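Here's the letter readout for the chains.
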Amino acid sequence: MIAFIMRNSNKKSILIFIILLSVPVIFLSGKFFLIQKLSEERTLIYESECSEIIPLAQTRKESFQQSVKALTDNDIEQYHQETDSYFKSNKSYIDSQSKWIQLSRNLIDRWDYQLLMPQQIKATDMVLVIARTSELQAYIALNEAYKTDNKVSQEKLAKESMHQALISTEAWKQYKSLVNNPDSKSNSSFKKYPCESGSGE
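Heads up: these notes are all about the structure in this document. Predicted model, so just to flag it, every value in this text is computed and none were measured.

Turning to the overall build of the protein, a few remarks are in order. A tally of regular secondary structure across the protein gives 6 helices and 0 strands. Starting at the N terminus, the α and β elements of the protein follow one another as α-α-α-α-α-α. Across the 201 residues in the protein, those meeting the buried criterion constitute 31%. A separation threshold of at least 6 residues defines the contact pool for the protein, and within that pool the share at least 24 residues apart is 76%. About 13,000 Å² of surface is accessible on the protein, with carbon and sulfur atoms providing 61% of the total.

If you want it as structure tokens, here you go:
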């Protein structure tokens, strides 16, 4: 009888040991899965900027260059056409970039992101969103200045656009400092984002 009890006790001890050993393995596996899922989501968000938003910024840039050329050539009609094209492109860019920023903020605000992402990566993500948001606000103010005929409003909006552009420039400097730091975890995670053709322009 005693031998039977001891055998059962040993079995229970082994079972408890196996359970205790399994808990951290399950926890680590779950954590790895969540981090992997977050990384994939972040990659998709940044790739969407490269494929959908940067081309709009390039189109806007080309329209601006053409308007400058028309003005240099003293072709006033062409200048107005290219300027209108520039602000139409700017409006498309504003709409798309606004959605991208919201997607990024939604990810940053999530509990799993806040809990699992390293502090360095969280800092890098947040600085990038600040840079893009200020950049966006600068272009919104510029669009509003173009639409109004009120000189006072134009001056006020022009100052606001310049102010937001300065904030964006400083944020880009901070972002690049974080990403280019060889000791930073952000370096390996974001070395190819955002698209070089659109960074900080």
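A word on the pattern of salt bridges. If you walk through the whole model with that rule in mind, you get 11 salt bridges. The closest approach of N and O atoms between Lys69 and Asp73, which form a salt bridge, is 3.0 Å. Of the residues examined, Asp73 reaches a relative accessible area of 47% and is grouped as partly exposed. When the shortest N-O distance is used, the salt bridge between Lys159 and Glu155 registers 3.6 Å. A residue pair is termed a helical-turn pair when its members lie 3 or 4 positions apart in one helix, as Lys159 and Glu155 do in helix 5 (residues 151–180) at 4 residues.

A few words now on the packing of helix 4 (residues 119–147) against helix 5. Geometrically, a packed helix pair is captured by the angle between its two axes and the distance between the axes. Interaxial distance between helix 4 and helix 5 falls to 7 Å at its minimum, and their mutual angle equals 160°. By the angle between their axes, helix 4 is roughly antiparallel relative to helix 5. The handedness of the crossing between helix 4 and helix 5 comes out as left-handed. Considered class by class, the residues forming the contact of helix 4 with helix 5 number 17 nonpolar, 8 polar and 4 charged.

Interaxial distance between helix 2 (residues 76–109) and helix 4 falls to 9 Å at its minimum, and their mutual angle equals 150°. When the interaxial angle is binned, helix 2 and helix 4 end up roughly antiparallel. Between helix 2 and helix 4 the crossing geometry is left-handed.

Moving on: the packing of aromatic side chains. Tallying each qualifying case throughout the model produces 6 aromatic pairs. Between Phe64 and Tyr86 the ring centres are 5.9 Å apart and the planes differ by 55°, which places this aromatic pair in the tilted class. Taken together, the positions of Phe64 in helix 1 (residues 2–72) and Tyr86 in helix 2 put the pair 22 residues apart, joining distant regions of the chain. Classification of Phe64 as partly exposed rests on a relative accessible area of 46%.

Cut-offs and rules
Residues numbered from 1 in each chain as written. Predicted model: local features only at pLDDT ≥ 70, side-chain atom pairs only at ≥ 80, totals over all residues. Heavy atoms only, no water. Helix = DSSP H or I, 4+ residues; strand = E, 2+ residues; numbered from the N terminus. Buried < 20%, exposed > 50% of the residue type's maximum accessible area, 1.4 Å probe, protein only. Contact = heavy atoms within 4.5 Å. Areas by Shrake-Rupley, 256 points an atom, 1.4 Å probe, with all protein chains shown as cover. Salt bridge = Lys/Arg side-chain N within 4 Å of Asp/Glu carboxyl O. Axes fitted to C-alpha atoms, helices over the stretch in contact; angles between N-to-C directions. Parallel < 35°, antiparallel > 145°, perpendicular 65-115°, else oblique. Left-handed = near helix turned anticlockwise from the far one by under 90°. Nonpolar A, V, L, I, M, F, W, Y, C, P; charged D, E, K, R; others polar. Phe/Tyr/Trp six-rings, centres within 6.5 Å; stacked < 30°, edge-to-face > 60°.

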